[in-house]
Amino acid sequence: MSKGQILVVDDEGAQREILRTILTSEGYRVETAGTAADAVTRSGRTQFDLVLTDLRMPGADGLSLVGQLTREDPPTLVILMTAYGSMDSAEQAVKQGAFDYLTKPLEREELLLTVERAFERIRLIQENRLLRQQLEGRFRVEGIVGSHYRIQEVFEKLHKVSSSNSTVLIIGESGTGKELIARAIHRHSPRRDRPFVAVSCAAIPETLIESELFGYEKGAFTGAISRRQGLFEAADKSTLLLDEIGELNVNMQAKVLRALQEREIRRVGGREDLKVDVRIVAATNKDLALEVGEGRFRDDLYYRLNVVSINLPPLRERSTDIPQLAEYFVARACAEAGRPPMAITTEAMRLLLNYHWPGNVRQLDTVLQRAVLLSDGRAIDYMDLPIEVRFSELAHREPVAGAGGGPEGAYRYPLPPQGINLEEVEKEFILQAMEMSGGIIAKAAKLLGLSYRTLQYRLEKFQIRREGSEGTGEPEGEEAG
Ligand SMILES: Nc1ncnc2c1ncn2[C@@H]1O[C@H](COP(=O)(O)OP(=O)(O)OP(=O)(O)O)[C@@H](O)[C@H]1O
Ligand SMILES: [Mg+2]
């Protein structure tokens, strides 16, 4: 196996042959060129790792190669060979990106050492590239952020499944990006020129869902004054997302199953079956297998839908994606608000990383949108984050083990260098807790770990009013509601 590809460039034939002999005997693959122009042609054909070039040559000189080859991706390293007198321009070349230079007459040992060092650098560059590729993710889907291997698996599946017509079931907790993935499947499919149609089976009352999905004929029921197309028809030759499919009642499950099996639908009050060509993507945050087991979901429909399933992991199980997502959302929120781009402080990022995100990516997005609006500085700081995010470390911390409880293990609330006013902090947290609990004292007290009375006392002390919630919030009232 060759140790690497080297191109030797020199206008003197004898010099080229000496170098070829030495380098070949060391296990390198060597090509030679007599001019810089020839070198450029050759490097267009072959990806050389390294170019060893004479500095002074008739026509374009070695320096011109430095400019061209080192900017390629991956770059080709260039070592210049120069007579003793022109070391100045060789040093200049190194500043412009050449790897190193050798003075003529060449010493065999020095030559080989320099070449070896160059290959070490090449290995490093390759390793970094690989690392970066892994970090950035091999698979990309426009508008969807994620490098974690589980999201990468989702992207890979998405690319595989998009070109086909197969039904896809997307499973994931609320806010994990199910709809985003469904839209991406459509966008990558041959149906992309038709409008994507989405319907949430949870949002439509049971009595209306059939006519919503399948349409109705004039006079099908009171109020059906004219014929209306349903969503299956609207999605003809396109993609239909049946969101929250787990909420469909058993009667409708049978009708949807029939539409999937026969590729035919019948409008409410209609007499004929209509052919439809719809690609179905279904989404759910329920464990459908469990629903099947408990008799709430038809197993035949489940198997129909579950041809390909995509499982979206909750954000807390792919927290390494949080920084990337956070920066994406902050950049987007800044752009929308017409503000200059903002950074996220290390403290704020630490809190984002440690929070468990029950509302997943959507919650992260909302939290950061709010932070961008609240923040008056150039960066999102921990004080711009909502109380639940700031407090979660405290709530989830493990008791500090061992004696001493060094600062590494213990919970540390970030104390700003200028110090704080403890009363103000207290007031701030109380305000936030009240905001979070919609002004209901009992709830806010729970959040703060205080008794109802203690919080009531402090509300009076800080003169905090319960805005727009007069008459609610008494513990008795709440228990009754
Ligand atoms: N990987 C991601 N990259 C960028 N944005 C994302 C990503 N995942 C989710 N989002 C954003 O988070 C929000 C929620 O996503 P989406 O509506 O697709 O989630 P969902 O799983 O359908 O949620 P629900 O179950 O509540 O309907 C959207 O604003 C979406 O753009
Ligand atoms: Mg959704």
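In this report, the structure presented in the accompanying data block is examined. (Residues numbered from 1 in each chain as written. Chains lettered and ligands numbered in written order. Predicted model: local features only at pLDDT ≥ 70, side-chain atom pairs only at ≥ 80, totals over all residues. Heavy atoms only, no water.)

**Observations concerning the overall build of the protein chain**
(1) Moving on: In terms of regular secondary structure, the protein chain is built from 20 helices and 16 strands.
(2) Moving on: Taking all 481 residues of the protein chain together, the buried fraction comes to 42%.
(3) Moving on: Accessible surface computed for the protein chain: about 26,400 Å², of which carbon and sulfur atoms make up 50%. (Helix = DSSP H or I, 4+ residues; strand = E, 2+ residues; numbered from the N terminus. Buried < 20%, exposed > 50% of the residue type's maximum accessible area, 1.4 Å probe, protein only. Areas by Shrake-Rupley, 256 points an atom, 1.4 Å probe, with all protein chains shown as cover.)

**Some words on the pattern of salt bridges**
(1) Moving on: The final tally for this structure, using the stated rule, is 32 salt bridges.
(2) Moving on: In this structure, Asp-273 engages Arg-266 in a salt bridge whose closest nitrogen and oxygen atoms are separated by 3.0 Å.
(3) Moving on: Here the salt bridges share partners, and the residues they tie into one network are Glu-247, Lys-286, Glu-291, Glu-294 and Arg-296. (Salt bridge = Lys/Arg side-chain N within 4 Å of Asp/Glu carboxyl O.)

**Focus on the packing of aromatic side chains**
(1) Moving on: Taken as a whole, this structure holds six aromatic pairs when the rule is applied.
(2) Moving on: Here the aromatic rings of Tyr-302 and Tyr-303 are separated by 5.5 Å at their centres, their planes lie at 50 degrees, and the arrangement is tilted.
(3) Moving on: Taking relative accessible area as the criterion, Tyr-302 reaches 14% and is therefore assigned buried. (Phe/Tyr/Trp six-rings, centres within 6.5 Å; stacked < 30°, edge-to-face > 60°.)

**What about the sheet that holds strand S7 (residues 197-200)?**
(1) Moving on: Strand order across the open sheet formed by five strands is S7-S10-S13-S6-S14, with parallel pairing between neighbours. Each end of this open sheet is capped by a strand with a single partner; those strands are S7 and strand S14 (308-312). Each adjacent strand pair in this sheet contributes to an overall mean axis angle of 20 degrees, direction not counted.
(2) Moving on: Pairing between strand S10 (residues 239-243) and strand S13 (residues 279-284): four bridges, direction parallel. In the sheet register, Leu-240 faces S13, and the bridge partner there is Ile-280.
(3) Moving on: Running at roughly 155 degrees to strand S6 (residues 168-172), helix H7 (residues 178-187) makes contact with S6, S7, S10, S13 and S14 of the sheet. (Pairing = 2+ DSSP bridges. Axes fitted to C-alpha atoms, helices over the stretch in contact; angles between N-to-C directions. Contact = heavy atoms within 4.5 Å.)

**Remarks on the site of ligand 1**
(1) Moving on: Surrounding ligand 1, one finds 18 residues, the nearest of these being Val-145, Ser-174, Gly-175, Lys-178 and Arg-362.
(2) Moving on: Gly-177 places a main-chain nitrogen or oxygen 3.1 Å from an oxygen atom of ligand 1.
(3) Moving on: Protein coverage of the free-state accessible area of ligand 1, which is 630 Å², stands at 86%.
(4) Moving on: Among the elements of the structure, H7, helix H13 (322-337) and helix H15 (360-374) are those that each provide at least two residues to the shell around ligand 1.
(5) Moving on: Partitioning the shell around ligand 1 into residue classes produces seven nonpolar, five polar and six charged.
(6) Moving on: Two domains each put at least three residues into the shell around ligand 1: domain 2 (149-313) and domain 3 (317-397 + 421-480). (Near = heavy atom within 4 Å. Polar contact = N/O pair within 3.5 Å; in protein donor to acceptor, adjacent residues only side chain to side chain. Nonpolar A, V, L, I, M, F, W, Y, C, P; charged D, E, K, R; others polar. Domains from an automatic or database assignment.)

**A look at empty space enclosed by the protein**
(1) Moving on: As enumerated under the stated definition, the model contains one cavity of 30 Å³ or more in all.
(2) Moving on: There is about 30 Å³ of room inside the largest cavity.
(3) Moving on: Classifying every residue of the lining of the largest cavity gives six nonpolar, no polar and one charged. (1 Å grid on protein atoms, 1.4 Å probe; cavity = no way out; pocket = protein on both sides within 12 Å on 5 of 7 lines; lining within 4 Å. Points joined across faces, edges and corners; volume = space filled by probe spheres on them.)

**A word on the sheet that holds strand S5 (residues 100-104)**
Working definition: the strands of a sheet are paired by backbone hydrogen bonds and lie parallel or antiparallel to each other.
(1) Moving on: Overall, parallel pairing links the five strands, which are arranged S2-S1-S3-S4-S5 in an open sheet. The outermost strands of the open sheet, each flanked by one partner alone, are strand S2 (29-33) and S5. If you compare each strand with its neighbour and ignore which way they point, the axes differ by 20 degrees on average.
(2) Moving on: Here strand S1 (residues 5-9) pairs with S2 via five bridges, running parallel.

**Some thoughts on the nonpolar core**
(1) Moving on: Leu-213, Phe-232, Leu-240, Leu-242 and Ile-245 are the most contacted members of the largest nonpolar core, which totals 31 residues.
(2) Moving on: Elements supplying a minimum of two residues to this core: S7, helix H8 (206-214), helix H9 (231-234), S10, helix H10 (250-262), S13 and helix H12 (299-305).
(3) Moving on: Looking at this core, the element that brings in the most residues is H10, giving five residues.
(4) Moving on: Beyond its immediate sequence surroundings of up to four residues, Leu-242 is in contact with Val-199, Cys-201, Leu-213, Val-256, Ile-280, Val-281, Ala-282 and Ala-283.
(5) Moving on: Among the nonpolar cores identified, the runner-up in size contains 27 residues, and Ile-344, Met-349, Leu-368 and Tyr-382 belong to it. (Core = buried A, V, L, I, M, F, W, Y, C linked by side-chain atoms within 4.5 Å.)

**Observations regarding unusual backbone geometry**
(1) Moving on: Cis geometry is found at the peptide bond from Lys-104 to Pro-105, where omega equals -5 degrees.
(2) Moving on: Take Pro-105: it is sitting in the loop between S5 and helix H5 (108-136).
(3) Moving on: Here the phi dihedral of Glu-244 falls at roughly 50 degrees; this positive angle occurs in a residue that is not glycine.
(4) Moving on: On the accessibility criterion, Glu-244 (30% relative accessible area) is partly exposed.

**Some words on the environment of Trp-357**
(1) Moving on: Within the element layout of this structure, Trp-357 appears in the loop between helix H14 (346-354) and H15.
(2) Moving on: Separated by 42 residues in the primary sequence, Trp-357 and Leu-315 place their C-alpha atoms 6.6 Å from one another.
(3) Moving on: Ignoring anything within four residues of it in the chain, the contact list for Trp-357 reads Leu-315, Arg-316, Ile-322, Leu-352, Gln-363, Leu-364, Val-367 and Val-389.
(4) Moving on: Here Leu-352 takes part through its backbone oxygen, which lies 2.9 Å from a polar atom of the side chain of Trp-357.

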